[in-house]
Amino acid sequence: MQPVGFDLGRSPVKDATRTVREGLVLCGISAVIVACFVWAQHDLFFNLLDEGSLWYGVWRTGAGEVPIKDFLSYDPGRYYFCAALTGLFGDGPMGLRWAAGVFQWLGLSCGMLVLKPMLSSRLAQAGAACLIMIWMIPWYKTFEQSIVLMAVYGACLLLERPSGARFFWGGCFAGLAAFFGQNHGAYIGLSYLTVMFLAGIGAEFRAVLHRFGAFTAGVLTGLLPLAGMLVGVDGFLEGCLRRFEFIASGGANLYLEVPWPWRAGGPGMDGIRFLHELCTGLFFVLLPLSYAAVLIGAAVGAIRKRPRTLPDLAVACAVVGLPYLHHVFGRADLPHLAQGIPAFLLLAVFAVRWLARGGRAWHGVAAFAAGAGLVCASCFSAGLANPAYKRFSAPPGALVKTEIGGDALVVYGAEALTIDGVKDAVARHLDREDRILVVPYWPGFYPILEKTSPLWELYFLFPDSEERQLEKIAALEEKKVGWVFMGEEVVLRADGLSFRDTHPLLWEYIENHFTAVSQGKGGVFGWMLMKRVPLPLAGGL
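Our subject in this report is the structure included herewith. Source: prediction; values computed, not measured.

What counts and what doesn't
- In this convention, every chain numbers its residues from 1, walking through the sequence in written order.
- Where totals are concerned, whole chains, interfaces and linings use all residues; where local detail is concerned, this predicted model gives features only for residues with pLDDT of at least 70, and gives and counts side-chain atom pairs only at 80 or more.
- Heavy atoms from the whole structure form the basis of all side-chain values; hydrogens and water molecules are not counted.
- Using a grid of 1 Å spacing that covers the protein atoms alone, one calls a set of points a cavity when a 1.4 Å probe fits there but cannot get out, and a pocket when the set is open and has protein on both sides within 12 Å along at least five of seven lines; lining residues are those with an atom within 4 Å of a point.
- Grid points are joined across faces, edges and corners, and a volume is the space filled by probe spheres set on the points.
- The secondary structure listing takes helices from DSSP runs of H or I that are at least 4 residues long and strands from runs of E that are at least 2 residues long, numbered from the N terminus.
- Residue classes follow a fixed rule: Ala, Val, Leu, Ile, Met, Phe, Trp, Tyr, Cys and Pro count as nonpolar, while Asp, Glu, Lys and Arg count as charged, and any other residue, Gly among them, counts as polar.
- Type-normalised accessible area, obtained with a 1.4 Å probe on protein chains alone, sets the label of each residue: buried when under 20%, exposed when over 50%, and partly exposed for intermediate values.
- Salt bridge criterion: a side-chain nitrogen from Lys or Arg within 4 Å of a carboxyl oxygen from Asp or Glu.
- Nonpolar cores were defined as sets of buried Ala, Val, Leu, Ile, Met, Phe, Trp, Tyr and Cys residues, with membership established by side-chain atoms within 4.5 Å.
- The contact definition used throughout considers only heavy atoms, calling two residues in contact when any of these lie within 4.5 Å.
- Every angle, taken between N-to-C directions, lies between 0 and 180 degrees, and every axis is a line fitted to C-alpha atoms, over only the stretch in contact when it is a helix.
- Helix crossings are classified by the rotation of the near helix relative to the far one: an anticlockwise turn of less than a right angle makes the crossing left-handed, while a clockwise turn makes it right-handed.
- Roughly parallel refers to an angle under 35 degrees, roughly antiparallel to one over 145, roughly perpendicular to one between 65 and 115, and oblique to any angle outside these ranges.

Some details on the layout of surface pockets
Where empty space is left can be seen by rolling a probe of water-molecule size over the atoms. When its volume is computed, the second largest pocket comes out at roughly 440 Å³. Considering the residues around the second largest pocket, the lining is formed by 17 residues, among which Met 150, Tyr 153, Gly 154, Trp 169 and Phe 173 are closest to the centre. Looking at the lining of the second largest pocket element by element, the count peaks at seven residues for helix H8 (residues 164–177). For the lining of the second largest pocket, a count of residues per class yields 14 nonpolar, two polar and one charged.

Comments concerning unusual backbone geometry
The phi torsion of most residues other than glycine is negative, and most of the peptide bonds are trans. Between Ile 137 and the following residue, Pro 138, the backbone shows a cis peptide bond with an omega angle of -20°. Geometrically, the link from Val 439 to Pro 440 is a cis peptide bond, its omega value of -10° lying close to zero. Along the polypeptide, Pro 440 turns up in the loop between strand E3 (436–439) and helix H20 (445–449). Even without glycine at this site, Glu 450 takes up a positive phi of about 60°. For Glu 450, a relative accessible area of 54% corresponds to the exposed category. Positive phi is not limited to glycine here, since Lys 480 has a value of about 55°.

Examining the pattern of salt bridges
Applying the stated criterion to the full structure yields 19 salt bridges. Where Glu 65 meets Arg 60, a salt bridge forms, and the shortest distance between an N and an O atom there is 3.1 Å. The class of Arg 60 is buried, set by a relative accessible area of 12%. Between Glu 450 and Arg 432 there is a salt bridge, with its nearest N and O atoms 3.8 Å apart. One end of the pair, Glu 450, is in the loop between H20 and helix H21 (466–478); the other, Arg 432, is in the loop between helix H19 (413–429) and E3, with 18 residues separating them in the sequence. Sharing partners across several salt bridges, the network here consists of Glu 245, Glu 457, Asp 464, Arg 468 and Lys 472.

Quick word on the nonpolar core
Counting residues in hydrophobic clusters, the biggest one holds 156 residues, and the most contacted among them are Trp 135, Leu 437, Phe 445 and Ile 510. Looking at this core, the element that brings in the most residues is helix H7 (residues 142–160), giving 13 residues. If we skip the residues at most four places from it in the chain, Leu 437 touches Tyr 446, Pro 454, Leu 455, Phe 460, Leu 476, Val 481, Trp 483, Val 484, Phe 485 and Ile 510.

A closer look at the packing of H8 against helix H10 (residues 205–222)
Contact pair H8 / H10: the axes reach a minimum separation of 6 Å and the direction vectors enclose 30°. The chirality of how H8 crosses H10 is right-handed. Along its contact with H8, which presents Gly 164, Phe 167, Phe 168, Gly 170, Gly 171, Cys 172, Gly 175 and Leu 176, the element H10 presents His 210, Arg 211, Ala 214, Phe 215, Ala 217, Gly 218, Val 219, Thr 221 and Gly 222. The class makeup of the residues in the contact of H8 with H10 is eight nonpolar, eight polar and one charged.

Observations regarding the packing of helix H16 (residues 342–356) against helix H17 (residues 361–381)
Each packed pair of helices is defined by two parameters, the angle between the axes and the distance between the axes. Contact pair H16 / H17: the axes reach a minimum separation of 7 Å and the direction vectors enclose 155°. The pairing of H16 with H17 is recorded here as roughly antiparallel in orientation. Along this stretch, H16 crosses H17, giving a crossing that reads as left-handed. Contacts between H16 and H17 involve Phe 344, Leu 345, Ala 348, Val 352, Leu 355 and Ala 356 from the first element and His 363, Gly 364, Ala 366, Ala 367, Ala 370, Gly 371 and Leu 374 from the second.

Structural data, given as C-alpha cells:
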C-alpha cells in the first residue's frame, strides 16, 4: 500500500477548477440528484414547529418584515434566500421545499468538487452524492449541511494554495456564513484559522501575517450584510440583543442525552428500530474519533517537521468537522447529527477510496466492507427518517391528503384531523382582522391561518422570566388580542417541563382572560381555541 502521504487528496479541487466544463458537469449531476430527492418528498408531511417557523419567517420576510427584528428567527440569510425564490416556486410549503433545494444544490456541488479527484467515474460520483443527500434531513435544516459542505471545499482550496488572496475569500465566506447562522461564522472562522496555522508551519512569519491580515479583511467584508442591517435597520440591533438574551437564558436547544450505541434497544423493540438506534449511536462515536485521529496525525507530522504527511482533504474535513461537534452534541438527536455530519461523510468516502487503491487483495475487501457498512448504517439511521421511507412504511389508510397553504400535502390522519379542525374552527369564529396567539409551539398555524404573530416569540419552549412574561401580557393587551389557540404539548424534553411551568404568569393570564369555544382531539394532537372573556368577568392578572 502507498504511504499515508500519497498524492490522493493532496489537491482535491485542482481538476475540478481546471476546466469550466468539468465543474458544470458536476453541478449538473448535483442538480439532477437534488431534484430527484426533493421531488420524492416535496408533498410529504408537515412539521408545525420548525418547518412552520421557517415558513412563517419566509412569508413575513417576503411581506417586508425583518427577521430577528420583527420575529424570533435564525439569522436573516436563509429567509431572504427563500423569499427571493418564492416568485419562482410559490409561497406554500412545496415552494419553500424547492427553494431550500436550490441551497442544497449549492452545497452538494461543493461536496462533489471536493470528491472529484478521487472519484473518476460518474457512477461513483452519483453514489457519493446520494449518500450525502440521505443525510439532508430534515429538509428545513439543510442550510446547515450545505454550509458545512461549502466550508470543507473552502478549506481544501486554502490547503491546496494558502495564498493571501485565497484566505481573503475564505474570510469572506466565513463572514457571509454568519448571515445564515452566527454559529456557522464562528465554526468556519475557527476552522480556517486552524488551516492557517497548519499551512504556516515552516513558512516565514511575514507570509503568515499577510495571510492573517487578508483573512481578517475577508471576514469584515463578508460581515457587511449583517453589519449593514445592524447599522441601517432600526430595531435590528435591539432584536439581536433580545435574541442573545433569549439564547443565554437557555433558549437554544433542549438538552438530550447522547444515544450511545450501547444504549440501543429496549423491551419490545423491533429489529429495524434497534438497528436505527444502534447505527445512529455509532455515528456519534465515529465522528469525534475520526476527526481526532486525523488531527493527531497532523500534529505528529508537525512535531516531526513533516506537516504534509496527511492528504489535504482529510485534514480539511477534520478541521471543519471538529467545531461542528459542538452543534451535534448540543442536542444529541438524529437531526442535529445530520446537520454536522457532512464533513465526516466526505472523510469516510475518502478513506474507502484510499483503501481501495491499496496494492493487496485485502485492501479491496476492506474497502468494500467499509463502503457497504457506511451506506447501510446511513440508510438505517438517516434513511429511516426520510419522508419517502415514512410514506412507504406507513400502514394502509394511515396517510391522507390535506390542504396546507394552498398545497395538497400527504400527512398522517391524526395531523390532518387537527389541521382541518383548527382551520374550520377559526373560520367559524374569527373575522379576518382578529388577532390570535398560538401557544405553546405550533407556529405553523400562523401561515396556515394567514395570521401574524402578536408577539416576537413564535413558540414558548424555554423558561421565561417574570419580567418578560409581563411584557408579553402587556403586548397582548395593547394589541387587543382576542383569541388564543393552545395546542397539545408533544415535544420531547428531558426536563419534563410544560408550558404551565415555563410560563406560569402567561398561563395564568390565558386561564383567567380566555375561555374555550372549540376544541378537538386528533389522535395524540389535542387543541383548544379560546376567546377573550369580557373584562367584568375576567380575574387575576
